[in-house]
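# Fold and contact review
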Amino acid sequence: MDVYGRFVDWDKMDASAQSQDTKELTCTEFQELKQLARQGYWAKNHSLRAKVYHKLISNIPCRTVTPDANVYRDIVGKIVGKRSSSSLPLPEFVDNSLVPTYCLNAEGIGAVRKIILCVANQFPDISFCPALPAVTALLLHYSKDEAECFEQVCRILACNDPSKRLIDQTFLAFESSCMTFGDLVNKYCQAAHKLMVAVSEDVLEVYSDWQRWLFGELPMAYIARVFDVFLVEGYKVLYRVALALLKFFHKVRAGQPLESDSIQQDIRAFVRDITKSVSPERLLEKAFAIRLFSRKEIQLLQMANEKALQQKGITVKQKSNLKFVKLMFLRQNVHLAVHAENFKSEIVSVKEMRDIWSWIPERFALCQPLLLFTTLEHGCSLSRFYSHSEGHEPTLLLIKTTAKEVCGAYLSTDWSERRRGGNKLSFFGTGECFVFRLQPEVERYEWVIIKHPELATTGSETENHSSPAPSSLSSGSVPSDPSERLSPFLSARHFNLPSKTASMFMAGSSDCIIVGGGDGQALYLDADLNHGRTSHCNTFNNQPLCSESFQISVLEVWGFRD
C-alpha cells in the first residue's frame, strides 16, 4: 500500500483519490502551480499529493530555528508518556475546536492529539489557533509518520514571510479575520448578509464560524482540494471558499424555513452535507469566479480591523472582553447602535437608519450616529458643511429631494483631505465608499472610482489629484471592466502607500462635491447645496440613484460616535 497511507482508512477515502498512477510534478513556476492546483492535478493521486504537499511546505520561508521531525522524536515520549492517545487533552489555544477524523484510521486519530500537544510545547507564543486540529489531521493523511506531519505543521506555523499569511495564531488575528470576512460578505454576498441580519440574533456566531466551515465541517474530499490551492496561493483562498459556501447555502436554502432554531447550525449542517448539492469542482469554480479584492487590499482591511480591536483592548480571549466582542459584531446590533429614543432625522426613519447601519464596515457597526450638519439648522453653505464635517471619519451623507427621493453615501475619509488639492478639486477616499437609495426603493450600489484619466499623476510625491472641470463627471468615465474598478480599501495616508495607489472615490472643492458611488453611479452637489445631479452608466443595468438633476429639500451629515 501507499507509503503515505499508514494513517488512512482506505474504506473511507474517496475512491477517486486512491489512484496509484505514476504522475510527477516538475513545474516550479507560480502561475503554472496555481493552475494545476485549481484544476486538481494531484487530487486523484494520493502519493503525488503527499509529495506536492511536502515540496510546497518545504519551500515556506520559516524562522531560523523551526522544530523538525527529529525534535518530535526527542520530545513525544516525554510529553505523552504512557497516557492513551485518545485521552490526551488538547491545549487551550484550540478553543474546543472540532478534531475532524476525516479518513484517518484508529492510529491516525490518536496521533493527531499527540502531534498537537508537541506543537504546543514548541510554540508557546501561540495563544489562539482553532484551525490547528483540522490542519494536523489533514496533513497526517499525507505523511509517512507522525514526525513528518509534525514538521510540516511546524513549518506552516513558523512562516516568517510578512506577505504570506497562513494560519491565525492569536485571538486578535482570528477575530479580525472574522470582521474582515463579515466585511467581504457585506460586499460580495449581499443577499446572504441580508438573511443573516434578518434571522440571526448574533451574527458574530455566524461569521466567527467561517473557519470552522472549512477546517471542521467540510468533508475530506473538499477541504483537501481547498488545501491544495491554499498552499500555493495563501490565506485569500480561504475567504474565497467561505464566501462561495455562503452563496451556495443561500441559493439552496432560499425561501425555505430554517431546519433548526439557529442559522449557524443550519450552515454547519449544509457544509457537512455539501456532497448532496455541490461538487468540489463546482465549489472552487464558484470561489474563483468571485472578483475579490487584491491580497494587498484585504491585508489593509485586516490591519484596520486589528487596529479597531486593539483600540478597544481586544487582543486576547478573556471573559471580560468576550462580551464586548459579541456586542461589536451583533447585527441585530444595529438596534444597539441606533436607539429609537435618541435618534431624530428629518430624512430617514429609525428603521431606515438601521438598514444603512447593516451595510457599514464591521469595525464601525456598534458606533452610534451623531448628527454633524443639517441644512435645516446650519443653512445651505458648503463651507459650513466642511467645517462641521471635518475631523470626523467616516461620515454618512443623507439627501432628501423635493421629489421625495432619498439617497445618500457612506464616506470613508475625513473631508479635510480635500485641502491637499488647494483650491482645486481634490480626489481622495477609499474603496469602502458607497452610495445608496432609500426612496422610492432601497438599493445599495457597490463603489467605483471617479475616473479622470488626466489625473494620473503617479510620478508626483503628493497624493493630490485635480480636475479643471467637474463636468468631466459622466457615465462615459466609468470603467466598464470591473477589474479597473478595484482600488485599495483604506486611505493611502494611513499606511504610507505610494501616490499611485491613492484612491479616487470622493472629491471636494469650494465649488462642489463629487461622490463616486458604485455600479456606474455618482453624485454631484453644487456649492449652494440646493441643487445636485447624478451620473448613471447604463452598462451596469441598474436603476439610477435618483433623478439626473434634482433640488435638495434637506441634507444631513452624520458622524460615528463610540
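A short tour of the structure in this document, coming up. (Residues numbered from 1 in each chain as written. Predicted model: local features only at pLDDT ≥ 70, side-chain atom pairs only at ≥ 80, totals over all residues. Heavy atoms only, no water.)

## Describing helix 4 (residues 106-122)
In an α-helix, one turn spans 3.6 residues; hence positions three or four apart end up facing the same way. The condition is simple: Helix numbering and strand numbering both begin at the N terminus, where a helix is a DSSP run of H or I of at least 4 residues and a strand a DSSP run of E of at least 2. Multiply 1.5 Å by the residue count of a helix minus one, and that product is the helix's expected span. Working definition: with a 1.4 Å probe on protein chains only, accessible area under 20% of the residue-type maximum means buried, over 50% means exposed, and in between means partly exposed. Any two residues having at least one pair of non-hydrogen atoms within 4.5 Å are treated as being in contact. Side-chain atoms alone can form a polar contact between residues adjacent in sequence; in general such a contact is a pair of N or O atoms within 3.5 Å, and within protein one must be able to donate a hydrogen while the other accepts it.
The terminal C-alpha atoms of helix 4 lie 25 Å apart, and with 17 residues this matches the ideal 24 Å at 1.5 Å per residue to within 8%. Those residues of helix 4 not exposed but buried are G108, G110, A111, V112, K114, I115, I116, L117, C118 and V119. Each element contacted by the buried residues of helix 4 is listed here: helix 3 (69-80), helix 5 (132-140) and helix 6 (146-157). Of the residues flanking the start of helix 4, the one acting as N-cap is N105, its side-chain oxygen 3.2 Å from the backbone nitrogen of E107.

## Considerations on the packing of aromatic side chains
As a reminder of what qualifies: A pair of Phe, Tyr and Trp rings is counted when the ring centres sit within 6.5 Å of each other, with Trp represented by its six-membered ring. The angle between the planes then sorts it: under 30 degrees is stacked, over 60 is edge-to-face, the rest tilted.
Considering all chains together, one arrives at 26 aromatic pairs under this definition. When the centroid spacing of 5.2 Å and the interplanar angle of 85° are considered together, the rings of F128 and F171 count as edge-to-face. Taken together, the residues span a long stretch of sequence, with F128 in the loop between helix 4 and helix 5 and F171 in helix 7 (residues 171-188) at a distance of 43 residues. Across the pair, exposure class does not vary: F128 and F171 are buried alike. Aromatic side chains F385 and W415 sit 5.8 Å apart centroid to centroid with 70° between the ring planes, which places their arrangement in the edge-to-face category.

## Considerations on the nonpolar core
Here is the rule: In these notes, a set of buried Ala, Val, Leu, Ile, Met, Phe, Trp, Tyr and Cys residues joined through side-chain atoms within 4.5 Å is what counts as a nonpolar core. Each domain's extent was defined by an automatic or database domain assignment.
Ranked by size, the top nonpolar core spans 115 residues in total, and within it W42, I156, W210, W213 and F227 carry the most contacts. Among the elements that make up this core, the one with the highest residue count is helix 12 (residues 236-253) (eleven residues). Mapped onto the domain boundaries, this core takes at least three residues apiece from domain 1 (10-158) and domain 2 (171-330). Not counting the four nearest positions on each side in its chain, W210 is found in contact with S177, C178, F181, Y235, L238, Y239 and A242. Counting 28 residues, the second-largest nonpolar core is a separate cluster that includes C433, V515, C546 and F550.

## Quick look at unusual backbone geometry
Note that the residue after E393, namely P394, is joined by a cis bond; omega there is 0°. Along the chain, P394 turns up in the loop between helix 20 (382-389) and strand 2 (395-401). In this model, Q439 is joined to P440 through a cis peptide bond whose omega is 10°. Among the structural elements, P440 can be located in the loop between strand 5 (434-439) and strand 6 (443-445). One non-glycine residue, Y102, lies in the positive phi region at around 50°. Structurally, Y102 can be placed in the loop between helix 3 and helix 4. Relative accessible area serves as the criterion here: at 13%, Y102 is assigned to the buried category.

## Overview of the packing of helix 5 against helix 11 (residues 220-233)
Inclusion rule: Between N-to-C directions, angles span 0 to 180 degrees; the directions come from axes that are lines fitted to C-alpha atoms, helices contributing only their stretch in contact. Throughout, the term roughly parallel applies to angles under 35 degrees, roughly antiparallel to angles over 145, roughly perpendicular to angles from 65 to 115, and oblique to all others. Following the grouping adopted for this structure description, the nonpolar residues are Ala, Val, Leu, Ile, Met, Phe, Trp, Tyr, Cys and Pro, the charged ones are Asp, Glu, Lys and Arg, and the polar ones are all others, Gly among them.
Where helix 5 meets helix 11, the closest approach of the two axes is 11 Å, and the angle between their N-to-C directions is 95°. By the criterion of interaxial angle, the relationship of helix 5 to helix 11 is roughly perpendicular. Facing V135, L138 and L139 of helix 5, the residues of helix 11 in contact are M220, I223, A224 and F227. The residue makeup of the contact of helix 5 with helix 11, split by class, is seven nonpolar, no polar and no charged.

## Description of the pattern of salt bridges
Operational definition: One speaks of a salt bridge when a side-chain nitrogen belonging to Lys or Arg is within 4 Å of a carboxyl oxygen belonging to Asp or Glu.
If you walk through the whole model with that rule in mind, you get 20 salt bridges. For the salt bridge of D228 with R49, the shortest nitrogen-to-oxygen distance reads 2.8 Å. With D228 in helix 11 and R49 in helix 2 (residues 46-58), this residue pair connects regions lying 179 residues apart in the sequence. Exposure remark for R49: the relative accessible area of 4% places this residue in the buried category. With a shortest N-O distance of 2.8 Å, E217 and R212 are connected by a salt bridge. Beyond isolated ion pairs, a larger network of salt bridges with shared partners links R212, E217 and R272.

## Points about the packing of helix 12 against helix 14 (residues 280-289)
Look at helix 12 against helix 14: their axes get within 8 Å of each other, and the N-to-C directions meet at 110°. Between helix 12 and helix 14, the crossing angle belongs to the class labelled roughly perpendicular. On the side of helix 12, the interface is formed by V237, R240, V241, A244, L245, K247 and F248, while helix 14 contributes R282, L283, L284, K286, A287 and F288. Tallied by class, the residues present in the contact of helix 12 with helix 14 amount to nine nonpolar, no polar and four charged.

## Remarks on helix 8 (residues 190-199)
Counted only if it meets this: Directions are taken from the helix axis to each C-beta atom, and the arc is the one they span.
All of the buried residues along helix 8 are A192, H193 and M196. Buried positions in helix 8, seen along its axis, are confined to an arc of 100° and lie on one side of it. Relative to its buried face, helix 8 has exposed residues pointing more than 90 degrees away, namely K194 and A198. Packed against the buried residues of helix 8 are helix 7, helix 9 (204-207), helix 12 and helix 13 (263-272).

## As for the pairing of strand 3 (residues 406-411)
Quick reminder of the rule: A pair of strands counts as paired when DSSP detects no fewer than two bridges linking them.
Taking burial as the measure, the six residues of strand 3 include six buried ones, the bulk of the element. Where burial is concerned, the two faces of strand 3 agree: the one with V406, G408 and Y410 and the one with C407, A409 and L411 are both buried. Hairpin connection between strand 2 and strand 3: a loop of four residues separates the two successive antiparallel strands, and K404 in this loop has a positive phi of roughly 70°.

## Some details on the side chain of Q302
Within the element layout of this structure, Q302 appears in helix 15 (residues 295-311). Of note is the side chain of Q302, whose polar atom sits 2.9 Å from the side chain of Y239. Look past the residues within four positions of Q302 in its chain and what remains in contact with it is R165, A173, S176, S177, T180 and Y239.

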